[in-house]
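Residues per chain, in single letters:
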Amino acid sequence: MTDSLADPHLRYPGAAPEAGTAPRDIVILGSTGSIGTQAVDVVLKNPGRFRVTALAASGGRAELLARQARQLGVRTVAVAREEALPVLREALRAAYGAGEPLPEVLAGPDAATELAASDCHTVLNGITGSIGLAPTLAALEAGRVLALANKESLIVGGPLVRAVARPGQIVPVDSEHSALFQALMGGSRAEVRKLLVTASGGPFRGRSRAQLADVTPEEAMAHPTWDMGPVITINSATLVNKGLEVIEAHLLYDIPFARIQVVVHPQSAVHSMVEFTDGSTLAQCGPPDMRLPIALGLGWPERVPEAGPVFSWTEAMSWDFYPLDTQAFPAVPLACHVGATGGTAPAVFNAANEECVEAFLAGRLPFTGIVDTVAAVVEEHGTPDGTGLTLPDVLAAETWARARARELAARPATAPAEARA
């Protein structure tokens, strides 16, 4: 699988186990979010294996960030919002004992990018949203192993990431892509027939499009199996998240969209599967707990013992699989179209969706209006001109898509779909 961004058969030189018994130095970006807090838990349970040198967060949970810094003994702490700096400094003084040296503090929109290139072995990018693209590029350019949980940076900047990533440098952390990564060890790329990406179906599995019209934010936030942040939870309810994961699987493993299929699996026990040309299907299974893929991303190519819970095979259980209802949940085929279009189209798709999710949570847009509005923005954006993608191209496309999505979301909810376009 030498054309893949993430290839389990390859070993990036920086990923090899270090000589001796020194812990592996880790930088965690997005440390106060869902991925980051679980990563901290993995590190604290494995002090002889991992050592965190720096943490970065948005700045909205300064007390938690300060506690993490104290627990882990980091050298540097960073926040994206400069206005959070005074609160963070106060929280650090409260968390550290009298006379204890405080960590270095960075602030500003480029702080996480600076940490991503700092001296360490592995960077875990757990930032939410496309703002994770610059840190992703910085980590790769600096030669760090990248444990990638920030799917948006790959989706909006796929060609940019491909241009700088070295073979075996990226280890996926999303549960589905970690599952594919592990299952792909069972054969060569030429032997892969299909990638099967599983989806829980979210809280509205089995509902028709008409039944989704009056869904409330509270209902959409009640995911049946995963505990996640608000944007990812809503994306899971609309299945936009699954559409993004299909684009990510295409980019990571260089498999055409026609050979990537979404399968609804409510129990979230099988995290994804690979079907091989001989008819075999390999699945990676486990209880729904992100600590397992996080630990694999941090420890690769070695597994971390007792990283997550296991099934009780002495108890009866059943696993169900259903085809995806693309009429009720059109986000996946829309994402496949966007991914195949390429250029700035994925950035437009992602940015418009983030704005629509915010509008839905604020009560300004109905649930079905999220994907409808994203589709309208994507259609208006059209087909990219085919020239080489640059970071300014991505940023400009995102800015336009966000503004256009806000305009469409602000229109009356009773307006017909064609008027909203």
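Residues numbered from 1 in each chain as written. Predicted model: local features only at pLDDT ≥ 70, side-chain atom pairs only at ≥ 80, totals over all residues. Heavy atoms only, no water.

An unreviewed UniProt entry lists the chain under the name 1-deoxy-D-xylulose 5-phosphate reductoisomerase, from Streptomyces tubbatahanensis. Quoted verbatim from the Function (unreviewed entry) field of UniProt, the annotation for the chain is "Catalyzes the NADPH-dependent rearrangement and reduction of 1-deoxy-D-xylulose-5-phosphate (DXP) to 2-C-methyl-D-erythritol 4-phosphate (MEP)." As stated in UniProt under Pathway (unreviewed entry), the record for the chain gives "Isoprenoid biosynthesis; isopentenyl diphosphate biosynthesis via DXP pathway; isopentenyl diphosphate from 1-deoxy-D-xylulose 5-phosphate: step 1/6." (UniProt positions renumbered as here; feature names shortened; annotations may be inferred.)

**Description of the pairing of strand S9 (residues 260-264)**
Of all five residues in S9, four are buried; the element is thus mostly enclosed. Bridge analysis of strand S8 (residues 192-199) against S9 gives five bridges, and the strand direction is parallel. Residue pairing in the sheet places Leu196 in a bridge with Gln261 of S9. (Buried < 20%, exposed > 50% of the residue type's maximum accessible area, 1.4 Å probe, protein only. Helix = DSSP H or I, 4+ residues; strand = E, 2+ residues; numbered from the N terminus. Pairing = 2+ DSSP bridges.)

**A word on the sheet that holds strand S12 (residues 322-323)**
The strand order S11-S10-S8-S9-S12 describes an open sheet built from five strands, whose pairing is mixed. The open sheet terminates on both sides in strands that have one partner only, identified here as strand S11 (281-285) and S12.

**Digging into the environment of Asn241**
Residue placement: Asn241 occurs in helix H11 (residues 240-253). Along the sequence, Asn241 and Asn350 sit 109 residues apart, while their C-alpha atoms lie 9.8 Å from each other. Beyond its immediate stretch of four places on either side in the chain, Asn241 contacts Lys151, Ile232, Asn235 and Ser236. (Contact = heavy atoms within 4.5 Å.)

**What about the packing of helix H10 (residues 230-238) against H11?**
Across the interface, H10 lies against H11 with an axial gap of 5 Å and an inter-helix angle of 90°. As the angle between them shows, H10 and H11 are arranged roughly perpendicular. The segment H10 lies against H11, with Ile232, Asn235, Ser236 and Thr238 engaging Val240, Asn241 and Leu244. Of the residues that constitute the contact of H10 with H11, the class distribution is three nonpolar, four polar and no charged. (Axes fitted to C-alpha atoms, helices over the stretch in contact; angles between N-to-C directions. Parallel < 35°, antiparallel > 145°, perpendicular 65-115°, else oblique. Nonpolar A, V, L, I, M, F, W, Y, C, P; charged D, E, K, R; others polar.)

**Quick look at the sheet that holds strand S2 (residues 50-57)**
As summarised here, the arrangement of the seven strands in space is S4-S3-S2-S1-S5-S6-S7, forming an open sheet in which the pairing is parallel. The sheet terminates laterally at strand S4 (104-107) and strand S7 (170-172), the two strands that pair on one side only. Neighbour to neighbour, the strand axes of the sheet diverge by 20° on average, direction disregarded. Strand direction decides the pairing type here: S2 and strand S3 (residues 76-79), joined by four bridges, are parallel. Within S3, the position partnered with Leu55 by the bridge is Val77. The strands touched by helix H5 (residues 133-141) within the sheet are strand S1 (24-29), strand S5 (122-125), strand S6 (145-148) and S7, with S6 carrying the most contacts at an inclination of about 150°.

**Let's talk about the pattern of salt bridges**
Inspection of the entire model under this criterion finds 18 salt bridges. With a shortest N-O distance of 3.3 Å, Asp41 and Arg291 are connected by a salt bridge. Linking Asp41 in helix H1 (residues 34-44) with Arg291 in helix H12 (residues 291-299), this pair joins segments that are 250 residues apart in sequence. In this structure Asp41 comes out as partly exposed when scored by relative accessible area, which is 25%. (Salt bridge = Lys/Arg side-chain N within 4 Å of Asp/Glu carboxyl O.)

**Some remarks on the pairing of S2**
The element S2 is largely enclosed, with a buried count of seven among its eight residues. Of the pairings in the sheet, the one linking S1 to S2 comprises six bridges and is parallel in character. Counted as the bridge partner of Leu29 is Ala56 from S2. Of the crossover connections in this fold, the one passing from S1 over H1 to the parallel S2 is right-handed. Note on the crossover from S2 through helix H2 (residues 62-72) to S3: the handedness is right-handed. (Right-handed = clockwise from strand over helix to strand, strands pointing away.)

**Considering helix H15 (residues 367-381)**
When the terminal C-alpha atoms of H15 are compared, their 22 Å separation across 15 residues agrees well with the 21 Å that a helix rising 1.5 Å per residue should span. Residues of H15 that are buried: Phe367, Thr368, Gly369, Ile370, Val371, Thr373, Val374, Ala376, Val377 and Val378. Of the residues trailing H15, Gly382 is marked for its positive phi of about 80°. (Expected span 1.5 Å × (residues − 1).)

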